[in-house]
Amino acid sequence: MINQLTLIQPDDWHVHLRDNEALDVTVPAAARYFGRSIVMPNLKMPVRKVTDASRYRQRILQHRPKGSKWLPLMVLYLTDDTSKEDIFEAKKSGFVHAVKYYPAGATTNSANGVSQLTRLDPIFDAMQNSDLVLQIHGEVTDENTDIFDRESVFIDRHLRRIKEQFPELRIVLEHITTAQAVQYVEENDRYLSATITPQHLLYNRNHMLVGGIQPHLYCLPILKRDTHQKALVKAATGGSKKFFLGTDSAPHAMEAKESACGCAGCFSHPAALELYAEVFDQADVMHHLEAFSSINGAQFYQLPLNESQITLVKESWTVPHEIPYCGSKIVPLAAGTKLNWKVKLP
Ligand code: DOR
Ligand code: ZN
């Protein structure tokens with residue numbers, strides 16, 4: 001039994017930092033032990049242009065703790081108005097690492113998302129030629145599709161066609177939640193990969209719905225049944241290069257979640273790597289954690305691995321019940337849960 005594990009410093013390939021005073025909380029939380037974070041562009045006014053990304057990046061960096069080398073990696077938000085010039089500029093910038101597709105209305109601040117996917121074909125073509133990564137929120141949003149089927153329908157209805165038409169476009173299927181997504185990513189080529197969140201590895205819909213609704217487990221794509229959870233655990237812990245860490249940590253004030261119309265998102269950063277460590281430990285493959293959290297993502301994004309290391313120690317501790325946030329508080333993912341692993345910070 002191992003009691004300590006030293007890893008190449010991990011990165012988070014999917015996080016929501018929000019803006020303004022939220023950055024006081026989210027940036028130090030992201031920079032605590034991750035080397036880099038892919039920053040989602042779904043602000044109230046989405047990050048559509050390279051100039052938006054540049055200004056947002058500066059606001060983020062102003063909140064970086066002194067001495068920290070953590071880097072935000074920026075993303076543009078695709079809309080019906082995104083142009084090829086936006087893509088070329090993004091590639092040229094050196095700090096925009098991907099472009100994100102949200103279907104209109106799929107999730108928090110996605111009203112400006114894309115109304116009709118096929119309209120983006122010229123943009124996908126430009127991205128393929130520029131070798132800029134496409135990140136996909138893979139859900140359909142039509143009212144006839146059951147919310148639990150949104151991801152698998154998206155794969156069949158859209159992703160298969162995109163893959164056929166743009167075979168060398170690098171795509172990350174974000175926060176996958178189903179056995180169908182796992183299988184589709186596994187059977188595909190090296191141009192397709194996927195991020196997996198801690199909540200989709202640790203929980204299924206029973207955790208969210210049995211014995212009373214647990215609003216702090218409500219996220220999108222929604223938690224699925226346990227067979228899907230098991231498929232995700234197998235994919236993440238199985239040593240494949242195609243799956244990597246993306247927490248989707250997303251802050252929402254407690255009252256916005258504990259509401260008659262609660263919003264979607266889990267704030268996992270107070271214990272992110274430790275939550276993944278629980279999953280890998282339970283699967284008895286702690287030796288696969290480093291590839292998932294520190295290697296596969298960097299390689300897919302064609303970035304160097306981090307040069308420093310961090311150490312996880314077997315030490316029991318409890319995830320905080322709440323943390324202060326913008327005059328309110330956040331109930332983090334797994335609040336009050338006892339964990340067995342802890343990152344030892346210098
Ligand atoms: O649960 C989610 N929360 N899913 C998303 O796709 C967005 C995120 C947020 O921004 O809160
Ligand atoms: Zn997200």
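See the structure shown above.
These numbers come from a predicted model, not from an experiment.

**Student:** Give a detailed account of the coordination of the zinc ion (ligand 2), specifying residues and quantitative values.
**Tutor:** Taken together, the protein ligands of the zinc ion (ligand 2) are His14 (NE2), His16 (NE2) and Asp248 (OD), with distances of 2.0 to 2.1 Å. Site description for the zinc ion (ligand 2): donor spacing in sequence, H-x1-H-x231-D. Each of the two residues, His14 as well as His16, counts as buried.

**Student:** Break down the pairing of strand β5 (residues 96-101) for me, with residues and values.
**Tutor:** With 6 of its 6 residues buried, β5 lies for the most part within the structure. Both strand β4 (residues 71-77) and β5 contribute to a ladder of 4 bridges, which runs parallel. Looking at the pairing, Leu76 lines up with Val99 of β5. Considered for its hand, the β-α-β crossover made up of β4, helix α3 (residues 84-93) and β5 is right-handed. Inspection of the sheet shows β5 paired to strand β6 (residues 133-136) by 4 bridges, in the parallel sense. Within β6, the position partnered with Tyr101 by the bridge is Ile136. Note on the crossover from β5 through helix α4 (residues 121-130) to β6: the handedness is right-handed.

**Student:** Please give an account of the sheet that holds β5 that cites residues and values.
**Tutor:** Strand pairing in a sheet relies on backbone hydrogen bonds, with the paired strands running either antiparallel or parallel. Read from one edge to the other, the open sheet built from 8 strands follows the order β2-β3-β4-β5-β6-β7-β8-β9, with strand pairing classed as parallel. The sheet is open, and its two borders are formed by β2 (12-15) and β9 (243-245), each paired with just one other strand. Recorded for the sheet is a direction-independent mean angle of 30 degrees between the axes of neighbouring strands. The pairing of strand β3 (residues 36-39) with β4 spans 3 bridges and is parallel. Paired with Arg36 across the strands is Leu71, a residue of β4.

**Student:** Can you explain the layout of surface pockets? Please cite residues and give values.
**Tutor:** Put simply, the largest pocket is a space of about 590 Å³. Around the largest pocket, the lining is made up of 31 residues, and of these Gln9, Gly35, Lys69, Trp70 and Ser308 lie nearest the centre. Listed by contribution, the elements that provide at least two residues to the lining of the largest pocket are β4, β10 (309-318) and β13 (338-344). Residue composition of the lining of the largest pocket, by class: 15 nonpolar, 10 polar and 6 charged. In this structure, the second largest pocket spans a volume of roughly 480 Å³. Considering each element in turn, the lining of the second largest pocket owes the most residues, 4 residues, to helix α2 (residues 50-62). The residue makeup of the lining of the second largest pocket, split by class, is 9 nonpolar, 4 polar and 7 charged.

**Student:** Summarise the site of ligand 1; cite the residues concerned and give the values.
**Tutor:** What surrounds ligand 1 is a group of 14 residues, the closest being Arg18, Asn42, Leu220, His252 and Ala264. Between ligand 1 and His16 there is a distance of 3.3 Å, counted from an oxygen atom to a side-chain nitrogen or oxygen. Expressed as a share of its isolated accessible area of 290 Å², the protein-covered part of ligand 1 is 100%. In this structure the site holding ligand 1 corresponds to the largest cavity. Looking at the shell around ligand 1 residue by residue, the class counts come to 4 nonpolar, 8 polar and 2 charged.

**Student:** Lay out unusual backbone geometry in plain terms, naming residues and giving numbers.
**Tutor:** Cis geometry marks the peptide bond from Leu220 to Pro221; its omega dihedral reads -5 degrees. Examined against the element boundaries, Pro221 turns out to sit in the loop between α8 (205-209) and α9 (226-237). Residues other than glycine seldom take positive phi values, yet Asp284 does so here, at roughly 65 degrees. Positionally, Asp284 belongs in the loop between α11 (272-282) and α12 (289-300). Even without being glycine, Gln302 reaches a positive phi, approximately 60 degrees. The residue Gln302 is located in the loop between α12 and β10 in this model.

**Student:** If you had to explain the pattern of salt bridges to someone new, which residues and values would you point to?
**Tutor:** Oppositely charged side chains may form a pair once their charged atoms are brought near each other. Enumeration over the complete set of coordinates arrives at 11 salt bridges. Salt-bridge contacts for Asp86 lead to Lys49; the nearest nitrogen and oxygen are separated by 3.1 Å. In this pair, Asp86 sits in helix α3 while Lys49 sits in the loop between β3 and α2, placing the two residues 37 residues apart along the sequence. Since its relative accessible area comes to 7%, Asp86 is described here as buried. With a shortest N-O distance of 3.3 Å, Lys314 and Asp281 are connected by a salt bridge. One end of the pair, Lys314, is in strand β10; the other, Asp281, is in helix α11, with 33 residues separating them in the sequence. Overall, Asp281 belongs to the partly exposed group, its relative accessible area being 23%.

**Student:** Which residues make up the nonpolar core, and what are the values?
**Tutor:** With 93 residues, the main nonpolar core has Leu17 and Phe124 as its most contacted residues. If one sorts the elements of this core by residue count, α11 sits on top with 7 residues. In this structure, Phe124 is in contact with Leu78, Leu117, Leu134, Ile162, Phe166 and Leu169, ignoring residues within four places of it in sequence. Counting 14 residues, the second-largest nonpolar core is a separate cluster that includes Val133, Val172, Phe244 and Ala298.

Rules used in this analysis
- Residues numbered from 1 in each chain as written.
- Chains lettered and ligands numbered in written order.
- Predicted model: local features only at pLDDT ≥ 70, side-chain atom pairs only at ≥ 80, totals over all residues.
- Heavy atoms only, no water.
- Donors = N, O, S within 2.8 Å, 3.2 Å for Na, K, Ca; no water.
- Buried < 20%, exposed > 50% of the residue type's maximum accessible area, 1.4 Å probe, protein only.
- Helix = DSSP H or I, 4+ residues; strand = E, 2+ residues; numbered from the N terminus.
- Pairing = 2+ DSSP bridges.
- Right-handed = clockwise from strand over helix to strand, strands pointing away.
- Axes fitted to C-alpha atoms, helices over the stretch in contact; angles between N-to-C directions.
- 1 Å grid on protein atoms, 1.4 Å probe; cavity = no way out; pocket = protein on both sides within 12 Å on 5 of 7 lines; lining within 4 Å.
- Points joined across faces, edges and corners; volume = space filled by probe spheres on them.
- Nonpolar A, V, L, I, M, F, W, Y, C, P; charged D, E, K, R; others polar.
- Near = heavy atom within 4 Å.
- Polar contact = N/O pair within 3.5 Å; in protein donor to acceptor, adjacent residues only side chain to side chain.
- Areas by Shrake-Rupley, 256 points an atom, 1.4 Å probe, with all protein chains shown as cover.
- Sits in = over half its atoms within 2 Å of the grid points.
- Salt bridge = Lys/Arg side-chain N within 4 Å of Asp/Glu carboxyl O.
- Core = buried A, V, L, I, M, F, W, Y, C linked by side-chain atoms within 4.5 Å.
- Contact = heavy atoms within 4.5 Å.

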